[in-house]
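Chain and residue survey
Okay, here's what each chain looks like letter by letter:
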Amino acid sequence: MNDHDAGERDHAMPTLLKKACFAYAYWATFLLVLEPGNVLRAARAGHSLGLSHETARILAAAALGTTVTPLLVTLARRYALSGRDRWRHALIHAGSSVFLAVALIVLSCVFASWMFEDRVWPTLVSVRDQLLRNWLLLSFALLACTA
């Protein structure tokens, strides 16, 4: 390896780190915007949300969202929303977003059962409830990230 290759590799890492930080900030902001609704819903149900629990949940969920961001970028580059095939590409993005939303919600339920419930697997009822509550909003957030 010569000095030029090492310089390119050193430059690529800060760029990758910047992109990862941007993606994490996007997902953390998305989750923080939703947090007042979560607190209000819990209060109406007679529960209080602990700061440490909510912080861990938001940090973990933002990290999970960050993991799919490179895929969204790749899809956006491969299936641009311009040109002759833009409608077909839009359907690819919509389908990908729905698929990823479902996958992320199921994974988040598994992680939540590990972190907060001392269980290996979440209940089907909790997965179903999370899917019903969040798939459309998360699909939209994934599409917005793509845009």
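For clarity, every value in this text was computed on a predicted model and none was experimentally measured.

**Structural notes on the pattern of salt bridges**
- On inspection of all chains with the given rule, the structure shows five salt bridges.
- Residue Asp85 is joined to Arg84 by a salt bridge in which the shortest nitrogen-to-oxygen separation is 3.9 Å.
- Note on Arg84: relative accessible area 77%, which makes it exposed.
- Where Asp85 meets Arg88, a salt bridge forms, and the shortest distance between an N and an O atom there is 3.6 Å.
- It is possible to trace a salt-bridge network through shared partners that takes in Glu35, Glu54 and Arg57.

**Some details on helix 2 (residues 51-78)**
- With 28 residues, helix 2 should reach 40 Å at 1.5 Å per residue; the first-to-last C-alpha distance of 41 Å fits that figure.
- Along helix 2, the sharpest change in direction is near 30° and occurs at Val68; proline Pro70 comes one to four residues later.
- Those residues of helix 2 lying buried are Glu54, Ile58, Ala62, Leu64, Gly65, Thr66, Val68, Thr69, Leu72 and Leu75.

**Observations concerning the side chain of Thr69**
- Structurally, Thr69 is set in helix 2.
- Residue classification places Thr69 among the buried positions, given a relative accessible area of 10%.
- Within the structure, Thr69 has its side chain in polar contact with the side chain of Trp27 (distance 3.1 Å).
- Within polar-contact distance, the side chain of Thr69 engages the backbone oxygen of Gly65 at 3.1 Å.
- Those residues in contact with Thr69 that sit more than four places away from it in its chain are Ala23, Trp27 and Cys145.

**Notes on the nonpolar core**
- If you look at the biggest cluster of nonpolar residues, it comprises 18 residues, and the most contacted ones within it are Trp27, Phe30, Leu104, Leu138 and Leu142.
- Mapped onto this core, the elements with two or more residues apiece are helix 1 (3-44), helix 2, helix 3 (86-116) and helix 4 (124-146).
- Excluding its chain neighbours within four sequence positions, the residues that come into contact with Phe30 are Leu137, Leu138 and Ala141.

**So, unusual backbone geometry**
- Positioned with a positive phi, Asp118 is a non-glycine residue whose angle comes to about 55°.
- Looking at the secondary structure, you find Asp118 in the loop between helix 3 and helix 4.
- On the basis of relative accessibility, which here comes to 75%, the residue Asp118 falls in the exposed class.

**Quick word on the layout of surface pockets**
- Roughly 1,300 Å³ of volume is contained in the largest pocket.
- Elements with a contribution of two residues or more to the lining of the largest pocket: helix 1, helix 2, helix 3 and helix 4.
- When the residues that make up the lining of the largest pocket are grouped by side-chain class, the tally is 20 nonpolar, 10 polar and seven charged.
- Size it by volume and the second largest pocket reaches roughly 390 Å³.
- Along its surface, the second largest pocket is lined by 15 residues, and Lys19, Ala23, Thr69, Pro70 and Val73 are the ones closest to its centre.

Thresholds, definitions, all that
- Residues numbered from 1 in each chain as written.
- Predicted model: local features only at pLDDT ≥ 70, side-chain atom pairs only at ≥ 80, totals over all residues.
- Heavy atoms only, no water.
- Salt bridge = Lys/Arg side-chain N within 4 Å of Asp/Glu carboxyl O.
- Buried < 20%, exposed > 50% of the residue type's maximum accessible area, 1.4 Å probe, protein only.
- Helix = DSSP H or I, 4+ residues; strand = E, 2+ residues; numbered from the N terminus.
- Expected span 1.5 Å × (residues − 1).
- Bend = angle between axes of the 7 residues up to and from the residue.
- Polar contact = N/O pair within 3.5 Å; in protein donor to acceptor, adjacent residues only side chain to side chain.
- Contact = heavy atoms within 4.5 Å.
- Core = buried A, V, L, I, M, F, W, Y, C linked by side-chain atoms within 4.5 Å.
- 1 Å grid on protein atoms, 1.4 Å probe; cavity = no way out; pocket = protein on both sides within 12 Å on 5 of 7 lines; lining within 4 Å.
- Points joined across faces, edges and corners; volume = space filled by probe spheres on them.
- Nonpolar A, V, L, I, M, F, W, Y, C, P; charged D, E, K, R; others polar.

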